[in-house]
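Each chain, letter by letter, is given below.
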Amino acid sequence: MPTKTTLEIFIRHQRQSRPGSGDYLQLIVDMAEAGKRVAAQVNQAALTGALGSSGQINVHGESVQKLDEAANETFVGMMERGGLLAGMASEEMENAYSVTAEGSGPYLLVFDPVDGSSNIDVNVSIGTIFSIYRRTEKGGRVCESEFMQRGWEQLCAGYITYGSSTMLVYTAGDGVHGFTLDTYSGDFILTHENIRMPAAGEIYSANEANRERWSAPVRDYIDHLRRGGAGRKYTGRYIGSLVADFHRNLLKGGVFLYPADSSAPQGKLRLLYEAGPLAFIAEQAGGKASTGDERILDLKPETLHQRVPLIIGSAEDVDLAERFQSTGGRRAATPEAAVI
Ligand code: AHG
Ligand code: MN
Ligand code: MN
């Protein structure tokens, strides 16, 4: 039986092989520790009365679930003690959070404590999405402008899925690696080293209830996939938890879309702590992430909770979606058409 590589050992080797990589990799280990705590909160929620709404409405006008709040408190409480973070930004906190008045570390954490909140009460996979940046000021209280960095400036990004198993997947710019929580030992064990996303998928993932509000290029693209126009038979899968839909496509290939629509001109998903981290992971695994017009990692956020249209997954699928977008739809059906 091969010896099991824990996350701590893997990260230690990564740091040794990348001298000067800084101690931000330690933050992956710290997020994993907090993630174990949240995994237990998720698994016990029905037994501890932690299901359902907290009665609060967040900055997005969405009902805050009790678990959103509990997970947010767990990550903030555990991550601020490590001495590496100057500040944090969370989907569940309206403003940037300065770890101490002086600012105690060189890094910034952005995160979505529970992604897929609508699935909490029905026992469907949910997750946490996070990303680490270097702060731009030398010290003092963290200000919101320090978080306005482009996705390609991320130092590392990851997610934790609370599903049939609890997994942590991360990249620090040297490939994408997946770890599965061994609930007996309490260790995250390396189970998916150097994940590569298939160049083309056979799965598309979108909330088709929004179809009438999509633009023509998006409708035409989905119809093209459904009709086998990409030369492959596609099936539809939509979990309603971005992190779970993304994780499936990362391993099996496929494309996820949450496009702009007539009622949400910037789409629904947030750039800083949903699209950005997953875009970094997608590209590191050989995939792509786009608004349909622009590379997600090139976008400079203007506000903490800025929304962005998102098309993310296998490179060929995202390329085709961009061709539909740039040629206004049908004419992109054959790649040659797009060249015109
Ligand atoms: P969150 O629970 O953090 O608000 O994220 C929910 C997001 C994302 O996880 C998912 O893909 C999307 O909302 C689903 O939205 P619809 O229910 O509108 O399809
Ligand atoms: Mn989310
Ligand atoms: Mn969330």
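Scroll up a little and you will see the structure.
An account of the accompanying structure is given in this report.

Let us now look at the coordination of the manganese ion (ligand 2). Surrounding the manganese ion (ligand 2) are the protein donor atoms Asp112 (OD), Asp115 (OD) and Glu274 (OE), at 1.9 to 2.1 Å. Each donor residue of the manganese ion (ligand 2) belongs to the same chain, and together they define the spacing D-x2-D-x158-E. The distance between the manganese ion (ligand 2) and the manganese ion (ligand 3) is 3.6 Å, with Asp112 acting as a donor to both metals. Of this pair, Asp115 sits in strand 5 (residues 107–115) while Glu274 sits in helix 6 (residues 271–284); the two residues are 159 residues apart in sequence, bridging distant segments of the chain. Exposure remark for Asp115: the relative accessible area of 4% places this residue in the buried category.

Here we take up the sheet that holds strand 13 (residues 255–258). The strands making up a sheet are joined through hydrogen bonds of the backbone, oriented either antiparallel or parallel. Strand order in the open sheet made by the five strands is 12-11-13-15-14, with mixed pairing throughout. Looking along the sheet, the strands with just one partner apiece sit at the ends: strand 12 (235–236) and strand 14 (288–290). Relative to strand 15 (residues 310–313), strand 13 runs antiparallel, the two being bridged by four bridges. Bridging across to strand 15, Leu257 finds its partner in Ile311. Against the sheet, helix 5 (residues 242–252) touches strand 11 (203–205), strand 13 and strand 15, its axis set at about 165° to strand 11.

Within this structure, the stated rule accounts for 15 salt bridges. Here Asp182 ties to Lys4 by a salt bridge, and the two come within 3.8 Å at their closest N and O atoms. In this pair, Asp182 sits in strand 9 (residues 176–182) while Lys4 sits in the segment before helix 1 (7–17), placing the two residues 178 residues apart along the sequence. We classify Asp182 as buried; its relative accessible area is 17%. A residue is classified by how much of its surface remains accessible, and Lys4, at 48% relative accessible area, is partly exposed.

Lining the immediate surroundings of ligand 1 are 17 residues, of which Asp115, Gly116, Ser117, Tyr238 and Tyr258 lie closest. One of the backbone nitrogen or oxygen atoms of Ser117 is found 2.8 Å away from an oxygen atom of ligand 1. A total of 470 Å² of accessible area belongs to ligand 1 in isolation, and the protein chains cover 86% of it. When atom positions are compared with the pocket grids, ligand 1 is found to occupy the largest pocket. Elements with a minimum of two residues in the shell around ligand 1: strand 5 and strand 13. For the shell around ligand 1, the element with the highest residue contribution is strand 5, accounting for three residues.

Another point: the sheet that holds strand 3 (residues 85–90). Strand order in the open sheet formed by eight strands is 4-3-5-6-7-8-9-10, with mixed pairing between adjacent strands. Looking at which strands have only one partner, the edges of the open sheet turn out to be strand 4 (97–98) and strand 10 (187–192). With seven bridges connecting them, strand 5 and strand 6 (residues 126–134) associate as antiparallel partners. Paired with Val110 across the strands is Ser131, a residue of strand 6. Seen against the sheet, helix 2 (residues 25–48) touches strand 3, strand 5, strand 6, strand 7 (156–162), strand 8 (166–171), strand 9 and strand 10 and runs at an angle of roughly 15° to strand 7. Here helix 5 sits on the sheet and contacts strand 5, strand 6, strand 7, strand 8, strand 9 and strand 10; the angle it forms with strand 7, its principal contact strand, is near 105°.

Within strand 8, six of the six residues are buried, leaving the element largely enclosed by the surrounding structure. Burial of the side chains of strand 8 extends over both faces: Thr166, Leu168 and Tyr170 are buried on one face and Met167, Val169 and Thr171 on the other. When strand 7 meets strand 8, the two strands line up antiparallel, connected through six bridges. Within the sheet, the bridge partner assigned to Ala157 lies in strand 8 and is Thr171. Remark: three residues form the turn of the hairpin made by strand 7 and strand 8, two consecutive strands paired antiparallel. Relative to strand 9, strand 8 runs antiparallel, the two being bridged by five bridges. Its bridge partner lying in strand 9, Tyr170 is registered against His177.

Conventions used here
Residues numbered from 1 in each chain as written. Chains lettered and ligands numbered in written order. Predicted model: local features only at pLDDT ≥ 70, side-chain atom pairs only at ≥ 80, totals over all residues. Heavy atoms only, no water. Donors = N, O, S within 2.8 Å, 3.2 Å for Na, K, Ca; no water. Helix = DSSP H or I, 4+ residues; strand = E, 2+ residues; numbered from the N terminus. Buried < 20%, exposed > 50% of the residue type's maximum accessible area, 1.4 Å probe, protein only. Pairing = 2+ DSSP bridges. Contact = heavy atoms within 4.5 Å. Axes fitted to C-alpha atoms, helices over the stretch in contact; angles between N-to-C directions. Salt bridge = Lys/Arg side-chain N within 4 Å of Asp/Glu carboxyl O. Near = heavy atom within 4 Å. Polar contact = N/O pair within 3.5 Å; in protein donor to acceptor, adjacent residues only side chain to side chain. Areas by Shrake-Rupley, 256 points an atom, 1.4 Å probe, with all protein chains shown as cover. 1 Å grid on protein atoms, 1.4 Å probe; cavity = no way out; pocket = protein on both sides within 12 Å on 5 of 7 lines; lining within 4 Å. Sits in = over half its atoms within 2 Å of the grid points.

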